[in-house]
Structure formats: C-alpha cells, structure tokens
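Chains, contacts and geometry: an overview
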Amino acid sequence: MPAVLIAVVVSLPLAYLLLRSLGAGGETWDLLFRSRTLDILGRTVVLVIAVTVVSVAISLPLAWLINRTDLPFRRVWLVLTMLPLVIPSYVAGLVIVTALGPRGMLQQVLAAPFGVERLPEIYGFPGAMLAIFLVSYPYVLLTLHASMRGLDPSLEEASRSLGHGPWDTFRRITLPQLRPAIAAGGLLVALYTLKDFGAVSLLRYETFTWAIYLQYQTSFDRMAAAALSLVLVVVAVIILVTEVRTRGRSQYHRSTVGVARPPACTRLGRWRWPALGFCAMIVLVALIMPISVLSYWLVRGVSAGEPLNVVWSSALNSGYVSGLAAAATVVAALPVAILAVRYSGRISALLERVSYVGFALPGIVIALALVFFGANYATPIYQTMGLLILAYVIMFLPQAVGPIRSSLLQVSRRVEEAARSLGRSPLQVLATVTLPLVRPGILAGAALVFLTTMKELPATLILSPIGFKTLATSIWSATSEGFFARAAVPALLLILVSSVPMALLVMRERRGQS
Amino acid sequence: MRKRILGLGSLLMMLAIVVSACGQAATSQTLTVYSGRSEELVGPIIDQFSKATGIKVQVRYGSTSELAATILEEGRNSPADIFFAQDPGGLGALAHLFAPIPDTILGQVEPRFRSPYGKWVGISGRARVVVYNTQDLSEADLPDDIWGFTDPKWKGRIGWAPSNGSFQGMVTAMRVLWGEEKTKQWLLGIKAVNPKMYPKNTPIVAAVGAGEIDVGFPNHYYLFRFLEEQGESFPARNYYLRDGGPGAVILVAGAGILETSQNKEDAERFLEFMLSLVAQQYFAGQTFEYPVVEGVTTHPLLKPLSEISSPEIDMADMADLKGTLKLLRETGVLP
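Throughout what follows, the structure given in this document is the object of discussion. (Residues numbered from 1 in each chain as written. Chains lettered and ligands numbered in written order. Predicted model: local features only at pLDDT ≥ 70, side-chain atom pairs only at ≥ 80, totals over all residues.)

Here's the deal with the overall build of chain A
Across its full length, chain A holds 25 helices and zero strands. Over its C-alpha trace chain A gives a radius of gyration of 23 Å, about what one expects of a compact globule, namely 24 Å for 514 residues. Seen through its principal axes, chain A has C-alpha atoms that stretch 65 × 60 × 50 Å. The buried share among the 514 residues of chain A stands at 54%. Taking all contacts inside chain A whose residues are at least 6 apart in sequence as the whole, residues at least 24 apart take part in 83%. (Helix = DSSP H or I, 4+ residues; strand = E, 2+ residues; numbered from the N terminus. Rg over C-alpha atoms; globule rule 2.2 N^0.38 Å. Buried ≥ 20, exposed ≤ 12 C-beta atoms within 10 Å, placed from the backbone. Contact = placed C-beta atoms within 7 Å.)

Concerning the environment of S322(A)
Residues and elements named next belong to chain A. Relative to the helices and strands, S322 is located in helix α15 (residues 312–342). Since 27 C-beta atoms lie within 10 Å of it, S322 is described here as buried. Considering only alpha carbons, one finds S322 and A446, 124 residues apart in sequence, at a separation of 9.5 Å.

Concerning the interface of chain B and chain A
Buried accessible area, meaning the area lost when the parts come together, often serves as the stated size of an interface. Contact residues are listed per partner, giving 57 residues for chain B and 58 residues for chain A. Contributions of two or more residues to the side of chain B that touches chain A are made by α1 (2–21), α2 (39–53), β2 (57–61), α3 (64–74), α8 (201–210) and α9 (222–230) of chain B. Of the residues forming the side of chain B that touches chain A, the biggest block, nine residues, is contributed by α1(B).

Some points on the environment of Q177(A)
All names here are of chain A. Tracing the sequence through the fold places Q177 in helix α10 (residues 166–195). Residue Q177 is classed as buried on the basis of its 20 C-beta neighbours within 10 Å. For the pair Q177 and M148, spaced 29 residues apart in sequence, the C-alpha separation works out to 8.9 Å.

Observations regarding the pairing of strand β4 (residues 120–127) of chain B
Each regular strand displays side chains that alternate between the two surfaces of the sheet. All names here are of chain B. Counting buried positions along β4 yields eight of eight residues, so the element is predominantly enclosed. Relative to strand β10 (residues 250–257), β4 runs antiparallel, the two sharing seven bridges. Across the sheet, the residue bridging to S124 is A253, located in β10. (Pairing = 2+ DSSP bridges.)

Digging into helix α19 (residues 385–409) of chain A
Given a rise of 1.5 Å per residue, 25 residues ought to cover 36 Å, and the 34 Å separating the end C-alpha atoms of α19(A) matches this to within 8%. The buried fraction of α19(A) amounts to 25 of the 25 residues, a majority that puts the element mostly inside the structure. (Expected span 1.5 Å × (residues − 1).)

So, the packing of helix α4 (residues 35–68) of chain A against helix α8 (residues 125–149) of chain A
Geometry of a packed helix pair, given as the angle between the helix axes and the separation of the axes. Residues and elements named next belong to chain A. Following both chains from N to C, one finds α4 and α8 inclined at 45°, their axes separated by 7 Å at the closest point. In terms of axis orientation, α4 runs oblique to α8. Of the two elements, α4 crosses α8, and the hand of that crossing is right-handed. The class makeup of the residues in the contact of α4 with α8 is 19 nonpolar, five polar and two charged. (Axes fitted to C-alpha atoms, helices over the stretch in contact; angles between N-to-C directions. Parallel < 35°, antiparallel > 145°, perpendicular 65-115°, else oblique. Left-handed = near helix turned anticlockwise from the far one by under 90°. Nonpolar A, V, L, I, M, F, W, Y, C, P; charged D, E, K, R; others polar.)

As for the sheet that holds β10(B)
All names here are of chain B. One open sheet accounts for six strands, arranged β2-β1-β3-β10-β4-β11; its pairing is mixed. Edge positions in the sheet fall to β2 and β11 (290–291), since each of these pairs with one other strand and no more. As paired elements, strand β1 (residues 31–35) and β2 share five bridges and run parallel to each other. Bridging from a neighbouring strand, Y34 pairs with R60 of β2.

Quick notes on the packing of α15(A) against helix α24 (residues 471–479) of chain A
Residue and element names in this part refer to chain A. With their axes 7 Å apart at the nearest point, α15 and α24 run at an angle of 130° to one another. Viewed along their axes, α15 and α24 adopt a mutual orientation that is oblique. Contact residues: S314, A315 and S318 in α15; L471, A472 and S474 in α24. For the contact of α15 with α24, the residue count by class is three nonpolar, three polar and no charged.

Some words on unusual backbone geometry
The bulk of non-glycine residues show a negative phi, and the bulk of peptide bonds are trans. All names here are of chain A. With phi around 55°, R204 is a residue other than glycine that occupies positive phi space. As for its position among the elements, R204 is in the loop between α11 (198–202) and α12 (208–219). Residue R204 is classed as buried on the basis of its 21 C-beta neighbours within 10 Å. Residues other than glycine seldom take positive phi values, yet Q383 does so here, at roughly 55°.

Quick word on the pairing of β1(B)
All names here are of chain B. Most of β1 sits inside the fold, with five of its five residues counted as buried. Neither face of β1 is open: one carries L31, V33 and S35, the other T32 and Y34, and all of them are buried. Between the parallel elements β1 and β2, the chain passes through α2 in a crossover that is right-handed. (Right-handed = clockwise from strand over helix to strand, strands pointing away.)

Rendered as structure tokens:
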C-alpha cells in the first residue's frame, strides 16, 4: 500500500525526536517541568485559539462572497486574498513592526495632523496574532473555497422551498455542510500557529516553538530541543483529536443523482458596497500593507545609493521547487485521503492523522531529522533535490490531504461503484471519475503547497543542493544582516511570481466549471 | 479524458525528474564551506579566494546555530570542510569536531582572537557597543560603563537580545571580569528596568532608529547597514563605553576545519587567505568589522581598535557558554 509507505516516511521526524530525547540529560527534564514551561504552553494555546477563530470568522464570509454572490471581480479577489500565504512570517513580523510599531509608518502619518507621539504597543499578543493571522488565514479560505464549489445546491433549494429564509438556510444547511472544510482549514491554521517562529520572535510573544528555537540558538542543545518538540507533538495530537470531533460524522455528498449544477448565486444588491469594502479591507491589510512597506524599503535604499539587483535565477528556482513540491505532495496526499474517506477505519484514520505531525513541527526539526537520516543512511541522496522535495512533502502533506479529503467527502461512493459496474478497472475509475470530481480539492491543495514552499526556509537552507538559492533564502540572507532594501526586491518578486500560477489556477477553475 | 491522462502523465514525469535528480552527488574536489555568516557579507571575499587560488568553493549559507546542529547530525558523513561561524559560541559547540590548525596560521592572530586549543581561528572582530537614539540622547547622557544602565531612569528605554550569541559572549566576559555575583546583579538590575527583548541585533538597531527605545546593546557594525540604506540622517549612533569593561568587549567571527574533511590542505589555504591583508582589508573596509591581524587600516567611520578601551580577556576563559546560559536561566532572563 502506497499509503503505508507514506506514513512511514512521514513518521521519520517523530522517530528522530524520540531518538534524540533519549539522549537528553536530567537537566532537560528539569527544564521541562517548570512553571515557566506551563506558562509558555498556556500562552501558546491562547494564541492558537485566537488565530484560528479569527481566521475562520474572516474566511467564511470571504469565501461565501467569492463563491456564492454576484460580487464584482470575484476571481481577482480570490487571487489577492490567497496571496498573503506566500509572505514569510518573519517578513510579516518586520512589516508589522515597521508599519504599525509604536513609532512606525502609521505613527508618522498620524503625527502631523493629530499629534500622535506614539502608537499603543503592537508587541506581544496583538502583533503576533495579527502577523500569524495574515500569513495563515488563506488555509481556511482555500479549503472553504474548494468545498463550496462542490456543495449540492439541491439541499439549499429544498430548504428554501420549505419556507426557510436565506439566513436560516445558510445556518441550518450550508454551514453544517461546510463543517469538514472549516475543521480542515482551521486545523492547518492552528498547527501553523503552533510552529511559527519568525513572527512570534520579532513581535516578542513567547510560545513553545520560540522556546525550542532558543535551545538550538543558545545552547546548541539538540536533545533538549527534541524533548521540547515532543511536547509540541502532544499539543498537536490534542488539536488533531479536537478536529476529528468538530468535523462530525454526517454525509456530505450530493443527495441526488444527476449532473452537478453550480449553486444559486445570491444577489448582493445594496450590500454590494459593504461587501466590496470588506474584501478591500482584507487585501489592504494583508497584501497592500506588506507591499507598501517593502516598496518603501526599496525606494529608501535605492535613493541612498543601494544597487538594485534582480536575481531571476532565484525566482526560477523558487518556482521550480515549489511546482515539484506541489505535484509530489498532491500525489502523496491522494492515497492518504482516499484511504481515510473510502476505507474509514481505525488504521486509515491513524494514517491520515500521522500525516499531520510533520506539519505541526517547526521546520528546523524536520530538516534536522532528514539531515540525520539522510547523511547517515541515505548518503547518495543527501542534499539533493530529491531529498529536499521529500522534506517538503513531509512538511506540507496535510495541506493537500485536508482539501482533497473535504472534496472527496462530497463525492458519493455510488458514482464510483457505477463506473466499476460498467466495467472500468479501479485505476480507470480513479483517473476518469474520482480525480475529476475532487479537482477543486486537488487544486486547492496544490495551491497551498506551492505558496508555502515558495517561502520555506529552514529545510531549503540545510537540505537543498549546495549553492541552490531561492527567493526565500535571498530575503533571509539580506534581512538577517539588516539590508532591508536588498531584501525588498526578492520579497516583492516572491509575491509577484506566486501570483502568476495562482491566477492561472483560478482561471482554469472557471473552465472546469462551465 | 485524453487531457486527464496527459495531466497524470506530466505529474509522473515530474516525479521521474525528482528521482533522477537524486543520482547527482556532489563532487569531492571542491572545498565545501558551511557559513553561518551571510552571503551578503562573505560571498564577495570567498569569490576572491577562488579567483586567487583556483580552488573551487561551494558554500552552504544558514544561521550559525542551525548549521552547527546540522554538522552535529551529519556526524562523520558531513560534507563540510570548513565551518565559518558568526560567533565563538558556535565554534565552541563544534570544537571537538575540529582538526588542529597549524601554528603558522594561528600565530598570525592575537591570542585573544583564537581558540586557546588551536581548534579555530578568529577572522574578523566585532565590538559590543551601546547604540542610542540621537534625537533623545547625546553621548554625555550615557553612563561610563554598562553597569550604569541598571539605574531606574532607564526604565522601559532599553532593548537587548539575550538569545543572541554575541550578547551571551558579553555576559561571559562579565563573569570573567566581574565574577558571578556582580554579573547576576547586573542581569537582575537590567531586568528590573523592563528591557524590551529582541530576537537579534538588527531589530534592536531598527527600534532605536525608530525611537521605539532609546538605547540597545548590539554589535557595532549593524548600525552601518542602516546608515548605508537610510543615509546620515538615520537617528542612531554607536557609543563605545568610556570606561571599557565587559560592555566593550571585542568578540570574533571565525572558522575551523572539520576533522572529517578530505581536503584539509585547501581548507588551510582558505583560512590563510582569510587572514591575508587582502581579506582583512575587505572586512575592515566593506563589512565594517575589525581586522584580527596587524597593519590594516579600518574604515574611516569606524573607531579604530586602538582607541576603544576594550578589556583584554583570555579566550580560554571565554569558553564557558554553559555557565552563562545557566545564569541567564537562573535570573529568568531566558526561559
């Protein structure tokens, strides 16, 4: 079974952590069982809950507006609102400090007319929450988007014909149907928040991952870092169990036979302007603000005589590995998702859940696990493109499993059975029936993996073929030394280069629908 | 239908490319450097080394701590010949994996800039300084020595980065010069005036320039990047503590040769080149660092090493990173 193989590969980091924790001395365990640890754990949980709730609360109306209404330029809004996912979290952190810091750009603007001396402190919880929200809400948005496209309109129509109003129908019919998608997207946001380091360190909110990085940074102590990472795994498992509870056990596929129809489109009427304002607000904060700050760095640097270097080869490399990662991850995710939905049982459920562990761990942990196994047991492929892509698959698998699973739930098993009874082989059914039907999920998953690979840093730095540069490594290299102008070019390029495949994807989607 | 199969086919093709890419292994005749110093800073001088010697160099850039962990995980199979680290802490963590460096190389450098056991050698120096906002303060407002910042008048005005290797180097210097008790009192004293904690040096200088905080404790050279990008009007400057002491200690970035290296000869030439006048002049002129050998003129914006009242500390005493971390945890500065 390919799924078993995938599960084994995906659990490599876990094996590595167990191995390393065994080497941890008594000091480490003392470190672990202190009140400060509990305190940090508490802060982490608060942040995870807050970011997840806000992401769902913003993404749900956004996805609905984009999918189910006559909002103008819906596809443009979709591309613009999913792009923030490509911004590395430490860049988002720097942007927020520069723009909204106590003496940041906003304060400068407000200083003259209103005499604002200092803005309220952005550091700590509010800043960290904002930064992580901005780079992770697209997880919910894209998962929901894929799911809304596969909804069966007949249920809603039945509800309306039975006299329920539009709001009532949404609450009682549509929302429950979206539960798996909300849960899957929320899960990705929650786990992402758990493992983020860049934003929390710059905005000074101490989380568990921050404590893990501190072990590597300060004491070069891999054992202690591994022991702390295992605690992170436990938290992740609790989140994973919670998600299984929220996703529910109902059926989500089309109730009737017949050709899939696009669902009815709500006319916004006079609500059009507030709706546009809502989308514009999100794009303003999540995309325009970072782009403005980056452009400001660029202009400031160039006017001070900084040379302007556009490194197209890095952009090409980024696009290339991200494309490969997206393809490989989707291929790996399909058996996991199919197994979990079609052959649901304890083992398949466990397999699917295990695939999330790699996503919940900080990138450096995954990278070091693969360094350990790669350098010592797979020397020929160590630091080659193959191992790098494998690292991406381990890290990003759930980003494809989630949306594909949500989409697959909307496909009735009977359709596949019908195809089988008409003489198609299982593989033919997969290629001609199942895959086309779960296409929205596959595309959403591929988009998520593509965007996150574009910005991935720790594994790219350590595991890539030597001398391989991406946009993400160029940005990091420049910002870590305080060369903000030099970082601005690859950062802007990162957003620009990512927008092209995303726009193509969204355009393809339309063709698929008609 | 045909399109679908094509789509699936192209997916498989991509996978095939990935798999075939696995076959290409790195060649062994080139020199492999793991550099915790960024490409922006050392890339140009490494290129010069290649041109001057004809030795091909491959560099893996990353953060000092993550690359140190990588080499530790790689163990005997590490492809690295040289580890070029940002701070002595990173070099110390790998000291047991380094091959001894010949005395001809070590001898070029003052003892305070190299490993006491001949395991690694300093390549450029960086001074610990106080960076201050010039709109709110002048040098006259600043205390003579770093102890002075424990005064309550600095409440909420200080930025520091206790997780940073250079900061920890400074604390180790404090322990050597002041002893454990006084160092502890200083840490608690600063903690009492509510310093803002930053992840590293760059954001400290940025925050001082923005007026978010009035003073910070970084290394000296970060300021010059900001001056380069934002011009002379950037409202922050370095202050070298008048009375010297641990707050003005000079730390080094340096490199060591891995015991497992198959290419030690070229690796030694690399270190020799980095200590040559050409390379030392590059560091002093282009990256605003201090040379570790005699006879190099520093950048005009830099206060020369001879004018800084920096304490003389034996490198052997600076090795105890563990003790420093213990103190930082005991005082609650680090979790």
